[in-house]
There are 2 protein chains.
Amino acid sequence: MSSALSVVDSPPARYAEQPHPASPYLELSVPTAVRRLRALAEALPGTAIHYAVKANPQPELLAALHAAGGRFDVASPAEVTAALAAGAAPEDLVYSNPVKRRADVAFAAAHGVRLFVVDSPEETVKVAAAAPDAAVLCRLVTSGAGSDWPLSRKYGCSTDEAIRILVAAAALGLEPAGVSFHVGSQQRDPEAWAAPVAAAARVFAALRAEGLQPWLLDLGGGFPARLAEEEGDDDCPPLAAYGAAIDRHLQHSFGADRPQTLVEPGRAVVAEAGVLHSRVLATLTRGGVRWVFLDAGVFTGLVETLDEAIRYPIRTSRDGGPIGPCVLAGPTCDSADVLYEQVMVRLPLDLAEGDWVHLDSAGAYTSCYSTVGFNGFPPLPTLLRD
Amino acid sequence: MSSALSVVDSPPARYAEQPHPASPYLELSVPTAVRRLRALAEALPGTAIHYAVKANPQPELLAALHAAGGRFDVASPAEVTAALAAGAAPEDLVYSNPVKRRADVAFAAAHGVRLFVVDSPEETVKVAAAAPDAAVLCRLVTSGAGSDWPLSRKYGCSTDEAIRILVAAAALGLEPAGVSFHVGSQQRDPEAWAAPVAAAARVFAALRAEGLQPWLLDLGGGFPARLAEEEGDDDCPPLAAYGAAIDRHLQHSFGADRPQTLVEPGRAVVAEAGVLHSRVLATLTRGGVRWVFLDAGVFTGLVETLDEAIRYPIRTSRDGGPIGPCVLAGPTCDSADVLYEQVMVRLPLDLAEGDWVHLDSAGAYTSCYSTVGFNGFPPLPTLLRD
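Computed from a prediction, not measured in an experiment: that's the story for all the values here. (Residues numbered from 1 in each chain as written. Chains lettered and ligands numbered in written order. Predicted model: local features only at pLDDT ≥ 70, side-chain atom pairs only at ≥ 80, totals over all residues.)

**Some thoughts on the overall build of chain A**
From N to C terminus, chain A includes 10 helices and 18 strands. A compact globule built from 386 residues should have a C-alpha radius of gyration of about 21 Å, and chain A, at 22 Å, falls within 12% of that. Across the 386 residues in chain A, those meeting the buried criterion constitute 58%. At a minimum sequence separation of 6, the contacts of chain A that also span at least 24 residues come to 73%. (Helix = DSSP H or I, 4+ residues; strand = E, 2+ residues; numbered from the N terminus. Rg over C-alpha atoms; globule rule 2.2 N^0.38 Å. Buried ≥ 20, exposed ≤ 12 C-beta atoms within 10 Å, placed from the backbone. Contact = placed C-beta atoms within 7 Å.)

Below, the structure written as C-alpha cells:
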C-alpha cells in the first residue's frame, strides 16, 4: 500500500499536468489509532475499551486494535465476523444495537457472543429466545446535550423502564448484567456523563433490592476527536479530563459499589488517524461568493457534513498566503452535495484547480459512509500508512 | 433473477419461522421504466428524452431504455461507460455535470461525447482545453420553488452571465449550443418551467444578436413520480399537463424560433418501476409513541428521507385493519437513521416483527445512494422483475 501512497505523496503544482489522479482517498495511520486507544485506556484506568467497529471497519485497523488490548462494539453479523477475524474472542464483544434482527441475534450467539444491549421489553424477549442464557445491558435515554451529533431520540428508555426490563430479563433466564447509555457523538462536555451515571446507579440499586446482581456499566462513546481548529483548542477538553470526570461521577453515584465499566469509542480512536485527501475541481464565483468544488463530497464519505454538524480541520497545498471565505462543494450533480455553506470555510485565495485539500481527523465515519458509487463516483478508497 | 424473487414472493406470517431473509431488496421492473419513458416521450413530442443515469444505473435498465429510444444524461466517466455499454452512441449523451474534473472531460471527449454543460467562465475554458470543438450548454439558475428536492444553490448562472459565457465559448472554438436549467426534483408545478424558458429565450435572442446560432434547449428534469398518496392524487398533475405547459411556455417565449429540446428525467422514469421491500425488525413504544424499525434505512438506500423530503407510498403485509401513526426507523445504530418522525406515517396497528413493509416509487435514488455497508449492513441489492 505504501507504494500506492508514494504515487500521490508529492502532488504536482498543477493537476492538469497529471494523468487521472489517485484522488480522493483516505490515508489511514493504524499506529495513530493504536496510540489513541492506549491514550483512552490510560485516561480510563480499569475500564475496558470496546472500539466501535462502525466508525471504520478496516481489517488491518481491527487487528492492530485487538493486538493492543482493544475489545469491540458490534451491531451486525458482518461486524461480529470482522471482529472475530481480527482475533477477538466472542467474549470481547458487546452487541450494542438495541433493536436487532432476530436472525442476527442468533448468528451472534452461535458465534459465542454473550452480551447484548436492549432497551425495550420486546427486544428482551427476542434476545431470550434467540440467545438463551445471554447477558443484557439495558440502554438508558440521554439528552444528547453538548454533543455535535446527538443521539437522543432513537434509542434508550427511562430508569423505571430499565428496572422493569432487567427484572423481566432475569425472569426470562437472561443475566441482567447492567446498564448502558450514550451521551452523543463528539461530546464536548465531560459533565454529560454525570446524569446518566447517576441514573444507572438508581437502576443498579433497584435491581439489588430485587435480589439481582448487576455488575457492568457501559459508559458508551462520545469521546471527542480534534475537529474545527478555528473554534480554538480549548473547545474539547483532553481525554484525561473525561477520565477524571467519569471517575468522579462513578465515585459520587456508586461509592464503594462501583461496577465494572466499559466504553465504546469510535471517533475518539480512529478519527485523528485519518486524513481525507481530495483535489480541487474548480474555484468559481456564484453571486459574489467563492465556491470551491472538491472531488470528494457527501456521497464519497463526507456524510457527517450534512447540516454542517462535523467540521473537519482543513489544510491545502497552497497554505501560507492570504485566506478568505468560501463554500465547499462535492463533485456529484446532486445539490445536497455541499459540505459547508451556512458557515463558510476560510481557504487560500489562490487555491486553484488541481490543488490538494486535506481534511484532518477524517478517519471515522467516512470510508464506511461512502455510497456504492452514486453518480458514477467510486467509493472512497483507503490507503494505509505505516 | 426471477427465481431469486420467487423465494421471497410469498412472505410467511412470521419472520421468526424463516431462515435468514432476503431482505431488504429493491424489486425493479424494467418494463415499467420503459413505459414511463414512452409516456414522457408522448407527453413531450419532439423532445429528446435523456434518462439521468444517476437515478439508477442498473445495466439492464439502461439497455432497455436505449432500445426504447432513450438517450442519456451522464455526469462522470463511469456513467459515460455505462451508457455506451448499454448501446448508446456518444452523440446520445449530454454530460450535464456543470463542474467537472478536467481528466473526466477528456475521458468523455475521447469516447466521442460532444455535448457538455457549463455554468462558469472557468469551466468553459476547461472544456475548451480538454474537449476542443465540443458543444456547450450554459446552465441557468432557477428558484427551485415548487419542488420536493430543490436544486437552487449549487449550480447555474444568471442570463447575463450565460450570454457572456456562451459568447466566450464561441471565441474559444466551442459551439455555443444553447441553454440548460433544472427546476428541482419532483417538481409539482408545470408553471415552474415558464420563467426559465423565458430566460433561455432572452439568452438565445442575445446570442443571435451576436451572430451566433444557438439551437438546443435542455429543459432539465423534475418531472414527478407518484409519491405520498396520503396527500391526494391531485397533488401531482399528469405528465401530459407538463408537456402542454412546456409547449405553451416555448410558444410564448420562442414563437416560431423554437429550438430543439431535450429533457433529463431520472425519477420520472425509474421511481415507479421500483418497490423497496423491507421487513419489520421490531415495533416498540418510546415515550408513548409507536416506533417501527425496518431492516432498510438511510444508509441502505433511503437517503432521500433525510429532512423527510421524499415520502414513499407504503404498503404492508398487514394492510386492511385499523391503522395509526408511528415513527419509521432504520436498522443501524446511527440515530440519523430515522426515516419519518416529524410527520409520522400511518401503519397497521397489528404490524409486528417479520411483517413486510413495501415502499413504492422507490426505483430512483435508492440502490445508488446505498452505502458500501455502514454498520455491517450490506448495500441494497436489486432484483429484476420481468
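**A few points about the relation of the copies chain B and chain A**
Overlay of chain B on chain A (RMSD 0.0 Å): rotation 180 degrees, translation along the axis 0.0 Å. The two molecules are tied by a two-fold rotation axis, judged by turn and shift. When C-alpha positions in chain B are compared against the rotation axis, the closest is assigned to Thr371(B), at 2.0 Å. Comparing contact sets, 100% of the residues at the interface of chain B also lie at the interface in chain A, consistent with an isologous, same-surface contact. (Least-squares fit on C-alpha atoms with pLDDT ≥ 70 in both.)

**Let's talk about the interface of chain B and chain A**
At the junction of the two partners, chain B supplies 45 residues and chain A supplies 45 residues. Sorting the residues of the side of chain B that touches chain A by element identifies helix 4 (77-85), helix 5 (102-110), helix 6 (121-130) and strand 12 (274-286) of chain B as the ones contributing at least two each. For the side of chain B that touches chain A, the residue count by class is 23 nonpolar, 11 polar and 11 charged. (Nonpolar A, V, L, I, M, F, W, Y, C, P; charged D, E, K, R; others polar.)

**What to know about the environment of Leu115(A)**
Residues and elements named next belong to chain A. One can find Leu115 in strand 5 (residues 115-118). Along the primary structure Leu115 and Gln186 are separated by 71 residues, whereas in three dimensions their C-alpha atoms are 25 Å apart. Aside from chain neighbours lying at most four places away, what touches Leu115 is Val94, Tyr95, Ala135, Leu137 and Ala177.

**Details of the confidence of the model for chain A**
All names here are of chain A. Looking at chain A, the pLDDT average stands at 91 and 91% of residues meet or exceed 70. Note that residues 1-21 has pLDDT below 50 and, in this model, 24 contacts with residues that lie over four places away or in other chains. The ipTM, which scores confidence in the relative placement of chains, is 0.91 for this predicted complex, and the corresponding pTM is 0.92. (pLDDT = per-residue confidence, 0-100.)

**As for the domain arrangement of chain A**
Residue and element names in this part refer to chain A. Split by domain assignment, chain A resolves into domain 1 (2-27 + 272-381) and domain 2 (30-270). Averaged C-alpha coordinates put domain 1 and domain 2 at centres separated by 33 Å. Among the residues forming the side of domain 1 that touches domain 2, the class breakdown is 8 nonpolar, 4 polar and 3 charged. (Domains from an automatic or database assignment.)

**Some details on helix 8 (residues 194-209) of chain B**
All names here are of chain B. Here helix 8 is 16 residues long and its end C-alpha atoms lie 23 Å apart, about the 22 Å a rise of 1.5 Å per residue gives. Taken residue by residue, helix 8 has Pro196, Val197, Ala200, Ala201, Val203, Phe204 and Leu207 as its buried positions. Each buried residue of helix 8 sits inside an arc of 165 degrees when the element is viewed along its axis, so together they form one side. Residues of helix 8 that are buried in the fold lie against helix 7 (159-171), strand 8 (175-180), strand 10 (216-218) and helix 9 (239-254). Gly211 lies just past helix 8 and shows a positive phi near 85 degrees. (Expected span 1.5 Å × (residues − 1). Arc of directions from axis to C-beta.)

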